[in-house]
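The primary structure of each chain is shown beneath.
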Amino acid sequence: MSPIGTTESKCSVVPTGLNFIFHNVFPVLKHWAIITSSLTGLNLTTQESGLLPIQNPKSKIQNGLIVRDVQKSFRTPAGGTLEVLRGVSFVVEAGEMVAVMGASGAGKTTLLHIVGGLEEADSGVVLLNDFNIARARSTELARFRNREVGFVFQFHHLLSDLTAAENVAVPLLISRASMQESIRRARVALERVHLLERAEHPVGQLSGGEQQRVALARAIVCEPGLVLADEPTGNLDKEVGDEIGALLASFCLDNGATLIVATHNERLASSCDRVLRLDGGQIEKSRDEGGGMRDE
């Protein structure tokens, strides 16, 4: 039985206790990016674009992603400044799967957080679907994250007292979907990651690989146009890591979603369309076949 109770049969579970979660737990976690409040009505555009036409007709990302001269630094405990990103620029086309590689501390996580609107850049431009992430207000970013972006984190960030289905349903509840519809779609997402049989299990009782599949289902349940995955296989063994990588690729190919994955996993990186290497706070350049310089 669900730890917070149910009112219907297992085939159509509607957790009554989610009322309590929604009104009491969510406010406490309001700064947690995954369940940041979602409002209605985005009507934000900019004049900056310049990408090739969409290649995958399924993609929700019509104009791709542009990252231009993004800089980010942090204050150190000693009062100094640590420069993490120093003028990062690249373009990701609609429907493309891109790996970001680099040494630990190179700024991969920071870059993903900036692209996803979780963290503010010191300067630079980040555009997705002509939405200027770098200049958006907090309420605009909340809507953007809920509708357009799916996050997969290395350490899951699941609510351990909730079942797998309830965890996956959280972004839908925040987007004002009904509880019954949210649980229905959560079960569909769990089926996509081959975990439907665990839908009613508290996530604290699941293995690490199963928890990462729940996190993946939560990331894709709103069918985002952009998926950002931060070391999604970092704590998993080779076999389970390969499975997570295959599930990510399958969702993106089936839905035309754009994927950016930060990883040390060479096997996962090699399955992507392209690899960007972050070093010294910048994207390394590589020579193309014509002898010119380009981003990898």
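Residues numbered from 1 in each chain as written. Predicted model: local features only at pLDDT ≥ 70, side-chain atom pairs only at ≥ 80, totals over all residues. Heavy atoms only, no water.

Student: Is there a simple way to explain the nonpolar core in this structure?
Tutor: One recurring pattern in soluble globular proteins: nonpolar side chains tend to sit buried together. Counting 41 residues, the largest nonpolar core has V168, L190, V193, V214 and L259 as its most contacted members. Those elements that provide at least two residues to this core are β3 (97–101), α4 (164–174), α5 (179–192), α6 (208–220), β7 (226–230), α7 (238–255), β8 (258–262) and α8 (266–270). Per element, the largest residue contribution to this core is 6 residues, and it comes from α6. The contacts of L190, once residues within four sequence positions are left out, are A164, A165, V168, L195, L196, A199, V214 and A217. Counting residues in hydrophobic clusters, the runner-up holds 32 residues, among them V92, L111, I114 and L228. (Core = buried A, V, L, I, M, F, W, Y, C linked by side-chain atoms within 4.5 Å. Buried < 20%, exposed > 50% of the residue type's maximum accessible area, 1.4 Å probe, protein only. Helix = DSSP H or I, 4+ residues; strand = E, 2+ residues; numbered from the N terminus. Contact = heavy atoms within 4.5 Å.)

Student: What is the right way to read the environment of T109 from this model?
Tutor: Among the structural elements, T109 can be located in helix α2 (residues 108–115). You can call T109 partly exposed: its relative accessible area is 32%. Separated by 154 residues in sequence, T109 and T263 place their C-alpha atoms 9.6 Å apart. For T109, the side chain forms a polar contact with the side chain of D230, separated by 2.8 Å. (Polar contact = N/O pair within 3.5 Å; in protein donor to acceptor, adjacent residues only side chain to side chain.)

Student: Sorry, what's going on with the side chain of E231 here?
Tutor: Relative to the assigned elements, E231 resides in the loop between β7 and α7. Comment: no salt bridge for buried E231; closest opposite-charge side chain is K108, at 4.5 Å. A polar contact is formed between the side chain of E231 and the side chain of H264, at a distance of 2.6 Å. Look past the residues within four positions of E231 in its chain and what remains in contact with it is K108, Q154, Q212, A262, T263 and H264. (Lys, Arg positive; Asp, Glu negative; His and termini not counted. Salt bridge = Lys/Arg side-chain N within 4 Å of Asp/Glu carboxyl O.)

Student: When you look at the sheet that holds strand β10 (residues 282–283) in this model, what are you seeing that I'm missing?
Tutor: Pairing between sheet strands relies on hydrogen bonds along the backbone, with the strands arranged either parallel or antiparallel. With mixed pairing, the 6 strands of this open sheet are ordered in space as β6-β7-β8-β3-β9-β10. Since the sheet does not close on itself, it has two edges, and those belong to β6 (149–152) and β10, each with one partner. In this structure, β6 lies alongside β7, joined through 4 bridges in parallel fashion. Directly across from G150, in β7, lies its bridge partner V227. Sheet contacts for helix α3 (residues 138–148): β6 and β7; angle to β6, the most-contacted strand, approximately 75 degrees. (Pairing = 2+ DSSP bridges. Axes fitted to C-alpha atoms, helices over the stretch in contact; angles between N-to-C directions.)

Student: Any chance you could explain the sheet that holds strand β4 (residues 123–128) here in plain terms?
Tutor: The sheet built from 4 strands is open, its strands ordered β2-β1-β4-β5 with antiparallel pairing. Pairing within the sheet leaves two strands with one partner each, and these edge strands are β2 (81–92) and β5 (131–132). With 5 bridges joining them, strand β1 (residues 65–75) and β4 adopt antiparallel strand pairing. Paired with Q71 across the bridge in β4 is S123.

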